[in-house]
Amino acid sequence: MIDEQTQPGSTPQTPPPAPPAGSGGSGGSTVPTAVWQVRVRTKLDDLHQQLRGLAARDAATAARVPALHAQLSGVEAVLGRSGVVEWLRGGRLEYAWQTIHAVERAMVELRTPEELLGLLPAYQSAAAQFLKADDKVLTDFDATADANAPARFRAKAQALLLRYHSASDEFHESVRRLRNRMLGLSVFALVAEALMVLVQWRSRDVQLLKPPTDAGGVPAWRLLFFVLIAGALGAFISALPSMITSRSGGLPYKLPFQQGLLKLAIGPLVAVVGIMLVIGGLVETTVNSTAALLGVAIVFGAGQQAVTAFADRRASELLTPVTKD
């Protein structure tokens, strides 16, 4: 399920020819519709080509390759369009990359010790993004000893890939869950704001916001609506720097976009709560005009940064492994 930009054993190359009949290759006509699907498609083509190269080595290896081709061909079905539920659950993405990972580990059995020695630095470099530098699976390699014990060398290489793939899959699952939480909070905030305007429109007995002296004839719901807009403006202004500089780390979950949406959704709520505190006398200031009211709403809306900082910190922590140079 990971979305690496570089995978061990992959080298830039021209698109491979269509696999021979019965190879289970990726000769389908599915056109990727998302960045993660493009990367899956590219990885599939690369693995199919590597498998064809391994199959040409000897008959024993060639007999095992068709099963791996068939396993990869099952990923073709996930490269089409998906619905909202699937987008939230991420099942297609997880299935695609976990299948690719399983094939990569199985291919270790088909490689010679010399090939594994050549690929080992790439394996270790990719794994180092998610594993600690002193992790035993990263450091427990000796070129001379490993070359003389092929079975043990393959087992250690597979253990490295397994640990790396598991850590990477767990990381991406955490990112997806954070995305879903931020999206859920954003939707909840937007619904709450819509309900506040609706209730204020239907109820004339209770006013959430007291109109200033120069807005005595303005309906309470309309004044509330403009305060929400001002709060969103304040949230946008305060969030603009972080939204411009944030990075997605090549992930398919668009965390920077979700962070921005959360800020824009929370800002209006913070603005309304802040103005209610001001009008209630809990803050030593007065609002005597509509312009002042909207100005205070902008200031409180910008204060959403204190509320959404937890999401920013969590996103930064998660993206650090994949954005570091």
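Look up a bit, the structure's there.
A short tour of the structure in this document, coming up.

About the cut-offs
- Residues numbered from 1 in each chain as written.
- Predicted model: local features only at pLDDT ≥ 70, side-chain atom pairs only at ≥ 80, totals over all residues.
- Heavy atoms only, no water.
- Helix = DSSP H or I, 4+ residues; strand = E, 2+ residues; numbered from the N terminus.
- Contact = heavy atoms within 4.5 Å.
- Axes fitted to C-alpha atoms, helices over the stretch in contact; angles between N-to-C directions.
- Parallel < 35°, antiparallel > 145°, perpendicular 65-115°, else oblique.
- Left-handed = near helix turned anticlockwise from the far one by under 90°.
- Nonpolar A, V, L, I, M, F, W, Y, C, P; charged D, E, K, R; others polar.
- Polar contact = N/O pair within 3.5 Å; in protein donor to acceptor, adjacent residues only side chain to side chain.
- Salt bridge = Lys/Arg side-chain N within 4 Å of Asp/Glu carboxyl O.
- Buried < 20%, exposed > 50% of the residue type's maximum accessible area, 1.4 Å probe, protein only.

### Re the side chain of Arg179
Moving on, step 1. Relative to the helices and strands, Arg179 is located in helix 8 (residues 150-202).
Moving on, step 2. With sequence-adjacent residues up to four places away left out, Arg179 is seen in contact with Trp87, Leu88, Tyr253, Leu255 and Gln258.

### Some details on the packing of helix 2 (residues 59-73) against helix 4 (residues 91-108)
Moving on, step 1. At their nearest, the axes of helix 2 and helix 4 sit 9 Å apart, and the two run at 165° to each other. Of the possible angle classes, the one that applies to helix 2 and helix 4 is roughly antiparallel. For the element pair helix 2 and helix 4, the recorded crossing hand is left-handed. Across the interface between the two elements, Leu68, Gln71 and Leu72 of helix 2 pack against Thr99, Ile100, Ala102, Val103, Ala106 and Met107 of helix 4.
Moving on, step 2. Broken down by class, the residue content of the contact of helix 2 with helix 4 amounts to seven nonpolar, two polar and no charged.

### Details of the side chain of Asp146
Moving on, step 1. Within the secondary structure layout, Asp146 lies in helix 7 (residues 143-147).
Moving on, step 2. A polar side-chain atom of Asp146 sits 2.7 Å from a polar atom in the side chain of Lys156.
Moving on, step 3. Those residues within four positions of Asp146 in sequence are excluded, and the remaining contacts are Phe141, Arg152, Phe153 and Lys156.

### A look at the pattern of salt bridges
Once their charged atoms are close, side chains differing in charge can pair, the charge on each being opposite to the other.
Moving on, step 1. Within this structure, the stated rule accounts for 10 salt bridges.
Moving on, step 2. Across the pair Asp135 and Arg163 runs a salt bridge, and its minimum N-O distance is 2.9 Å. On the criterion of sequence distance, the pair formed by Asp135 in the loop between helix 5 (113-127) and helix 6 (136-139) and Arg163 in helix 8 is long-range, its members being 28 residues apart.
Moving on, step 3. On the accessibility criterion, Asp135 (16% relative accessible area) is buried.
Moving on, step 4. Here the salt bridges share partners, and the residues they tie into one network are Arg41, Asp45 and Glu76.

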